[in-house]
Amino acid sequence: MVNVDIYDINAILLDIEGTTTSISFVKDVLFPYIRQNLIRYVKDHWKNAELIKDIDSLRMQAVEDLKNGLNVVQIPDIDEEEDRLQEAIITNVFDQMDADRKTTALKQLQGHIWREAYHSGKIEGHVYEDVMPALKSWKTAGKHVYIYSSGSVEAQKLLFGATTYGNLLQFIDGHFDTNIGPKKESTSYTKIANECGYQAHQILFLTDIPEESQAAKNAGMKTTLVSREGNKSLCEEVVKEFGEVKSFDQISLL
Ligand SMILES: [Mg+2]
């Protein structure tokens, strides 16, 4: 077992999917939950101010899409017949999910549906069993911990706020999503280092994706790949280049 030493590191930046959390939690729990609950959610929250705003965002996105030549289902006005409006919303959202789109309007509605699910205990955020002990020991050692994920900051907070091991937000100093920039571009990591108030070389970035490691390394960060059960296996070359841990236990403070 090769340990990664972090005595000269001030902050740890963590990816979520495939790093702290299984890819299957996102793929097999979070996204199917939206598919299974969208109709009920829309009916339960009908005329609720937050849902009305979410519908407005979907409508504006659909208009924008049409302008850009995308053939998407348009959302009728709010005073339109209820059944027809609900059907359009559901088709539009499912179509966006089928196409793996990441529009703000879609993420906003998904975030609200997940919030209800986490708060009611229908969903618990998955983290691997070594994650909480590692977060605790890093914090005790005075390190700062940040998250950088393509999931929205709101979705990240929901996940870490209600995990199988309880609320882990107390161990996390800050969250970044793709609003700071794409995960495979080094400028994103430079910006994150600036926002955290550290030099890039004082930060260790942990991810399962070699291209993300490369981008962080190009920005000057230290980086190690994480290989978890259920991840795509890493080829020898990238392991040699970036190193690899299978658990956060392998990241030692000494
Ligand atoms: Mg990942």
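Calculation notes
Residues numbered from 1 in each chain as written. Predicted model: local features only at pLDDT ≥ 70, side-chain atom pairs only at ≥ 80, totals over all residues. Heavy atoms only, no water. Buried < 20%, exposed > 50% of the residue type's maximum accessible area, 1.4 Å probe, protein only. Helix = DSSP H or I, 4+ residues; strand = E, 2+ residues; numbered from the N terminus. Pairing = 2+ DSSP bridges. Domains from an automatic or database assignment. Contact = heavy atoms within 4.5 Å. Buried area = accessible area lost by both parts, 1.4 Å probe. Salt bridge = Lys/Arg side-chain N within 4 Å of Asp/Glu carboxyl O. Expected span 1.5 Å × (residues − 1). Bend = angle between axes of the 7 residues up to and from the residue. Polar contact = N/O pair within 3.5 Å; in protein donor to acceptor, adjacent residues only side chain to side chain. UniProt positions renumbered as here; feature names shortened; annotations may be inferred.

Colleague: Would you explain the pairing of strand 5 (residues 203-207) in this entry?
Modeller: Regular strands place side chains that alternate from one sheet face to the opposite one. Within strand 5, 5 of the 5 residues are buried, which leaves it mostly tucked inside the rest of the structure. Burial along strand 5 is two-sided: the residues Ile203, Phe205 and Thr207 and Leu204 and Leu206 are all buried. Summarising the sheet, strand 2 (residues 11-14) and strand 5 pair through 4 bridges and their orientation is parallel. By the bridge assignment, Ile12 is partnered in strand 5 with Leu204. Summarising the sheet, strand 5 and strand 6 (residues 222-226) pair through 4 bridges and their orientation is parallel. Each residue of the ladder has a partner; that of Leu206, found in strand 6, is Thr224.

Colleague: Any chance you could explain the domain arrangement of the chain here in plain terms?
Modeller: The accessible area lost on association of the parts is a frequent measure of interface size. Here the chain is partitioned into domain 1 (4-21 + 126-252) and domain 2 (28-119). Taken together, the contact between domain 1 and domain 2 spans 7 residues of the former and 7 residues of the latter. Taking both partners together, domain 1 and domain 2 bury about 580 Å²; carbon and sulfur atoms supply 64% of that area. In terms of surface lost to domain 2, no three residues of domain 1 exceed Glu154, Leu158 and Ala162, which account for 63% of the buried area on that side. The interface formed by domain 1 and domain 2 holds 0 salt bridges in total.

Colleague: It is not clear to me how unusual backbone geometry should be interpreted in this structure. Could you clarify?
Modeller: Glycine aside, the phi torsion of most residues is negative, and most peptide linkages are trans. Unusually for a residue other than glycine, Lys47 sits at a positive phi of about 75 degrees. Inspection of the secondary structure puts Lys47 in the loop between helix 1 (23-44) and helix 2 (49-67). The phi angle at Asp100 is positive, at roughly 55 degrees, despite the residue not being glycine. Tracing the backbone shows Asp100 in the loop between helix 3 (82-98) and helix 4 (104-119).

Colleague: Just checking my understanding: could you explain helix 1 for this structure?
Modeller: For the α-helix, the turn length of 3.6 residues means that residues three or four positions removed from each other point alike. In this model helix 1 runs 30 Å from its N-terminal to its C-terminal C-alpha over 22 residues, within 8% of the 32 Å that 1.5 Å per residue would give. The principal kink in helix 1, of about 55 degrees, is found at Asn37. The set of residues buried in helix 1 consists of Phe25, Val26, Leu30, Tyr33, Ile34, Asn37, Leu38, Tyr41 and Val42. Where helix 1 is buried, its residues meet helix 2, helix 3, helix 4 and helix 6 (153-161).

Colleague: What is the right way to read the side chain of Glu212 from this model?
Modeller: With respect to the secondary-structure elements, Glu212 resides in helix 8 (residues 210-218). Within polar-contact distance, the side chain of Glu212 engages the side chain of Lys183 at 3.4 Å. If we ignore the near neighbours within four places in the chain, the residues touching Glu212 are Asp15, Lys183, Lys184, Tyr189, Phe205 and Thr207.

Colleague: How do you make sense of the UniProt feature "binding site: substrate" (unreviewed entry) in the chain when you look at a structure like this?
Modeller: Those residues carrying the UniProt feature "binding site: substrate" (unreviewed entry) are Ser149, Ser150 and Lys183 in this numbering. Spatially, the listed residues are clustered: although they cover 35 residues, their C-alpha atoms lie within 7.8 Å of one another. Relative to the assigned elements, Ser149 resides in the loop between strand 3 (144-148) and helix 6. The class for Ser149 is buried, based on a relative accessible area of 8%. Here the side chain of Ser149 touches Gly151 through a polar contact of 3.0 Å, landing on its backbone nitrogen. Along the chain, Ser150 falls in the loop between strand 3 and helix 6. The class for Ser150 is partly exposed, based on a relative accessible area of 37%. In this structure, Ser150 is in contact with Lys107, Thr178 and Lys183, ignoring residues within four places of it in sequence.

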